Amino acid sequence: MMTAFDTAWDSMQPDLIVKARITPEGLVVTHSGMGGVEEGGKRVGLPTFYSADMWEPAMRVNEANHPEAFHDRVEFGSGRRGSIPEVAKRILSAADDRPYHFHGSPPCQDLSRANPNRKICDALNKPGGIVWWYNLLNHLQGSDNPPVSWSMEETQDAPKAIGSSPRLNPQFKNLASSMPNLRAAQFGAPQIRNRAFMGMHGDQPWEAIPTHDKSNFVSIADALPHLVGEWEANEAYRTRELDRLTREGRIGSEAREFLSKPSLAYLGSINPGGKSATWHEGVPKNKASYAFQHLTPLDRPSAAIRHHGAALTHTRPLTPQEVLTLHGFRPDYDLSGAGSKKDLNTMLGNVVSPAVMEGVLRGITGRSVA
């Protein structure tokens, strides 16, 4: 027996097929955060029609950088204003009969491997979560102006979680099972962060367009060349720390050689020389203490930048503008509305890389890199 979800999904396909060759003229974005998706759209020539998020500081930053959009601060799935019909009504009003690409990044903390207390069921079913967004997509597909294309960005474990839900239909689950993991470095950002993307353009899945591979990945040093000079300038401090760790028997020659190479520690809490830092002879780096596992050589793309400021040569955090650069943003992106440092770090840790979204939208629009 077909469920209500199956019926809703299947009934929209003819409309999508008719519009299959139409390309979007702008973006509609939910769970938009500080505007990484919108920034990617701008690079492809797509303005933002509608941008919505539940968090006021992120919306202030978003609006400062993408003033052309209607910005909707709303608690998705909460009350009448956050209901699917009301959110859809505001989306359609902002789109104003123009063809649009619909994107969402529903909350994914409960799906993240970095969260030791993750609860996959909560991530799917929470207000404004994946199931809610899926139902909003279905609602828009049944409107007089359905999206001509859509995408959803999630963690790498999202496809497995989606496949286990009885509230999502087989077509959506099947599409999720083939979600590609897109790495920011493939699109020119100096970072290797992986995220899963899924979506359709008309009745066909779209294909993102990578611009880089391992032969020409952008490194930390390429993007932030001054960090190499700072590393060299901090040699005296670094030597003292390595001497101390060696005397205390907490590192051997193997660890010392690795720690002597120019690198970036990408969580502010990581400081080789801390109380838990040990890496004995013969222990592989990936089995060493947490403090040593999260160092990235400057001649490679960065590991993912998370909520904390990254520490350079273990003496200072990166500036917000440097973190923006590692995410693939322009360094003059306006962060003045962020408020507290904690809020800013959270935004920077959760952002969608504009470089990746640019690749997704080039795949949909067929526009080549200039």
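Residues numbered from 1 in each chain as written. Predicted model: local features only at pLDDT ≥ 70, side-chain atom pairs only at ≥ 80, totals over all residues. Heavy atoms only, no water.

### Section: the nonpolar core
Spelled out, the test is: Joining through side-chain atoms within 4.5 Å is the link that ties buried Ala, Val, Leu, Ile, Met, Phe, Trp, Tyr and Cys residues into a set, and such a set is a nonpolar core. For every residue, the accessible area obtained with a 1.4 Å probe (protein chains only) is divided by the maximum for its type, and the residue is called buried under 20%, exposed over 50%, and partly exposed between those limits. Secondary structure elements are taken from DSSP: a helix is a run of H or I of four residues or more, a strand is a run of E of two residues or more, and numbering for both begins at the N terminus.
The biggest cluster of nonpolar side chains holds 35 residues, and the ones touching the most others in it are Phe 102, Leu 136, Trp 150, Ile 162 and Met 198. Only β2 (48-53), α4 (84-95), β4 (100-104), α6 (130-141), β5 (149-154), α7 (158-163), α8 (170-177) and β7 (194-201) provide two or more residues apiece to this core. At eight residues, α6 tops the list of elements feeding residues into this core. Within the second largest apolar cluster, 23 residues are counted, among which are Met 34, Ile 220, Leu 312 and Phe 329.

### What to know about the sheet that holds β5
Basically, it comes down to this: What makes two strands pair is DSSP finding at least two bridges between them. Axes here mean lines fitted to C-alpha atoms, for a helix over just the part in contact, with angles spanning 0 to 180 degrees between N-to-C directions.
Read across the open sheet, the seven strands follow the order β3-β2-β1-β4-β5-β7-β6; overall the sheet is mixed. Strand pairing shows two members of the sheet lacking a second neighbour, β3 (70-73) and β6 (181-183), which therefore form its edges. If you compare each strand with its neighbour and ignore which way they point, the axes differ by 25 degrees on average. Two strands pair when backbone bridges link them, and β5 and β7 are joined in this way by six bridges, in the antiparallel orientation. Following the sheet pairing, Ser 149 is matched in β7 by His 201.

### Quick look at the pairing of β7
When you tally the buried positions in β7, you get seven out of eight residues, the bulk of the element. With three bridges connecting them, β6 and β7 associate as antiparallel partners. Counterpart to Leu 182 in the pairing with β7 is Arg 195.

### With respect to the confidence of the model for the protein chain
In plain terms, the rule: A residue's pLDDT is the predictor's confidence in that residue, given on a scale from 0 to 100. Working rule for contacts: check all heavy atoms of both residues, and any pair within 4.5 Å makes them a contact.
Model confidence for the protein chain is summarised by a mean pLDDT of 85, while 84% of its residues fall at 70 or above. Considering only residues more than four positions removed or in separate chains, one finds that residues 1-5, a stretch of pLDDT under 50, has seven contacts. Contacts of residues 16-20 to residues separated by more than four positions or lying in other chains number ten contacts, the stretch itself having pLDDT below 50.

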